[in-house]
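Working through the structure, step by step
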Amino acid sequence: MEGLTRRLGVPDAVVVGLGSMLGAGVFVVFAPATAAAGGPGLLVALAVAGLVAFCNATSSARLAVRYPESGGTYVYGRERLGPFAGFLAGWGFVVGKTASCAAMALTIGAYLWPGRARLVAVAAVVAVTAVNLRGIGKTATATKVLVGVVLAVLALVATTGLVGGGFTPARLGGPGDVGAHGVLAAAGLLFFAFAGYARIATLGEEVRDPERTIPRAVPLALGVVLAIYLVLAVVALGVLGADRLAGSAAPLADVVTAAGLPGLAWVVRAGATVAVTGVLLSLLAGVGRTALAMARRRDLPHALAAVDAVHRVPRRAELAVAAVVALVVAAGDVRGAIGFSSCTVLVYYAITNAAALTLGRDPARRLPVRLLAALGLVGCVTLAVSLPAATILAGAGVLALGAAWYALRRRLGR
């Protein structure tokens, strides 16, 4: 079986994680989260989402060190919990994240050319796939450029909001009685914006010295993103207030406008487009490699297991994923795509934590890793069942469809 080439060090792996997390979420997620939890609840929900993500990151890092190959929790679940758990994780990841890729592509189209959003979205999928097919080194290099641009735009938003005259600390408290369910629902939405750190684990077969690189890269990327989200949430609340933030379609652009510099709003919109492109770049790479791992074990067609002899990438898997994304872009919509993806990604991480619990204690780590895995498992399940009913039903339906395919394939002897 041909393997992939290990090229990524700690900085490259961190950048891939940042490129996956600092995407569409940071530009849009504060609005629906505030609508669910209210002003005071937004920061609480962000802390809850960050805690669950940290627990998941710790479990992902431990498992990725033990199993440094492409596939992420598909491999971990299969090795630690059994073939079906691995299949369910892999199926949920591939299907849910393929839908996320479509949502990201449609977002790019909506920002660049609203009248031809689907056409632009398909073009974006083709362009990003072409970059990924050149090799993971090209993916990491391109992601570095995109992350640099996005960080500059986010710094502009934060600075403008804080010094532009519109920031009012009293708005951070805000009125309203925030219920626990609203906070948990908001945390579920916010968690979706954190989920990109798993891309580091799914690229595990292409990371140099995985025992050192992965445990450093995953929490480092997550910590940087959490700090950025906290700053931007405080700025957005302080400038817009809870009511205006909850109803905003472009919160960060509205922050710049409300701070007295409406001419800079186009910079923020351009930054949003760049950010989403960065997510799509990393996300397509991660989905392609999970598909590769599943194809190697014949949970997907074995023809997808081929690795390109020149660029050492899963060319067939990535082309197949890109083709499906293009079809979803042509026929679907952003809300429908994101709806069941939110649920499946939480199921994916629940399996991650369950697999990590089977590893036992880790004397090399000072953190209570088993407690964190248990908290992550409970947290993922709690956030999943706190999402809107339509989202839960859509996610459960997709997972049930995958389970039926698995059972049929087993009965027919593959």
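Before going further, it helps to spend a moment on the overall build of the chain. Helix and strand counts for the chain come out as 16 helices and 0 strands. Taking all contacts inside the chain whose residues are at least 6 apart in sequence as the whole, residues at least 24 apart take part in 83%.

Within helix H4 (residues 73-80), 6 of the 8 residues are buried, leaving the element largely enclosed by the surrounding structure. Every buried residue of H4 is listed here: Thr73, Tyr74, Val75, Tyr76, Gly77 and Arg78.

In this section: the packing of aromatic side chains. All told, the structure shown has 9 aromatic pairs when counted by the stated rule. Taken together, a centroid distance of 5.0 Å and an interplanar angle of 40 degrees make the contact between Phe87 and Tyr406 tilted. Here Phe87 is found in helix H5 (residues 83-112), whereas its partner Tyr406 is found in helix H16 (residues 389-411), with 319 residues between them in sequence. Overall, the relative accessible area of 0% leaves Phe87 in the buried class.

Closest axis-to-axis distance for the H5/helix H12 (residues 265-296) pair is 9 Å, and the angle between their directions is 155 degrees. For the element pair H5 / H12, the angle class is roughly antiparallel. Of the two possible hands of crossing, H5 and H12 adopt the one that is left-handed.

Right, let's talk about the environment of Leu377 for a bit. Inspection of the secondary structure assignment puts Leu377 in helix H15 (residues 369-386). The exposure class assigned to Leu377 is partly exposed, which follows from its relative accessible area of 26%. For the pair formed by Leu377 and Val52, sequence separation is 325 residues and the distance between their alpha carbons is 8.5 Å. Apart from the residues lying within four places of it in its own chain, the contact partners of Leu377 are Ala350, Asn353 and Leu357.

So, on to the packing of helix H8 (residues 180-194) against H15. Packing of H8 against H15 leaves a shortest axis separation of 8 Å and a crossing angle of 105 degrees. One finds that H8 runs roughly perpendicular with respect to H15. Residue-level inspection shows His181, Leu184, Ala185, Ala187, Gly188 and Phe191 of H8 in contact with H15, the latter providing Thr382, Leu383 and Ser386. Of the residues in the contact of H8 with H15, the class split is 5 nonpolar, 4 polar and no charged.

On the surface, Leu112, Trp113 and Leu119 cluster together to form a nonpolar patch covering roughly 350 Å² of accessible area. Assignment of secondary structure puts Trp113 in the loop between H5 and helix H6 (117-132).

Now for the pattern of salt bridges. Summed over the entire model, instances satisfying the criterion amount to 3 salt bridges. In this structure, Arg78 and Asp299 form a salt bridge, with 3.3 Å as the shortest nitrogen-oxygen distance. With Arg78 in helix H4 and Asp299 in the loop between H12 and helix H13 (315-331), this residue pair connects regions lying 221 residues apart in the sequence. Judged by relative accessible area, Arg78 falls into the buried class, the value being 19%. Note that Asp299 is salt-bridged to Arg409, the shortest N-O span being 2.4 Å. Separated by 110 residues along the polypeptide, Asp299 in the loop between H12 and H13 and Arg409 in helix H16 bring together distant segments of the chain. Accessibility expressed as a relative area gives 1% for Asp299, which makes it buried. A single salt-bridge network, built from bridges that share partners, covers Arg78, Asp299 and Arg409.

Its location among the elements puts Thr129 in helix H6. In this view, Thr129 contacts Leu284, Glu318, Leu319 and Ala322; residues no more than four positions away in its chain are not counted.

Now for the confidence of the model for the chain. Of all residues in the chain, 87% attain a pLDDT of 70 or more, and the chain-wide mean is 82. The weakest mean pLDDT in the chain belongs to helix H9 (residues 198-202) at 62; the strongest belongs to H15 at 93.

Our next topic: the nonpolar core. Core analysis: the biggest nonpolar cluster contains 130 residues, and Phe27 and Tyr229 have the highest contact counts within it. The contacts of Phe27, once residues within four sequence positions are left out, are Val150, Val153, Leu154, Pro251, Leu252, Val268, Gly271, Ala272 and Ala275.

Rules behind the numbers
- Residues numbered from 1 in each chain as written.
- Predicted model: local features only at pLDDT ≥ 70, side-chain atom pairs only at ≥ 80, totals over all residues.
- Heavy atoms only, no water.
- Helix = DSSP H or I, 4+ residues; strand = E, 2+ residues; numbered from the N terminus.
- Contact = heavy atoms within 4.5 Å.
- Buried < 20%, exposed > 50% of the residue type's maximum accessible area, 1.4 Å probe, protein only.
- Phe/Tyr/Trp six-rings, centres within 6.5 Å; stacked < 30°, edge-to-face > 60°.
- Axes fitted to C-alpha atoms, helices over the stretch in contact; angles between N-to-C directions.
- Parallel < 35°, antiparallel > 145°, perpendicular 65-115°, else oblique.
- Left-handed = near helix turned anticlockwise from the far one by under 90°.
- Nonpolar A, V, L, I, M, F, W, Y, C, P; charged D, E, K, R; others polar.
- Patch = residues over 30% accessible without salt bridge, like charges linked within 9 Å, V, L, I, M, F, W, Y side chains within 5 Å.
- Areas by Shrake-Rupley, 256 points an atom, 1.4 Å probe, with all protein chains shown as cover.
- Salt bridge = Lys/Arg side-chain N within 4 Å of Asp/Glu carboxyl O.
- pLDDT = per-residue confidence, 0-100.
- Core = buried A, V, L, I, M, F, W, Y, C linked by side-chain atoms within 4.5 Å.

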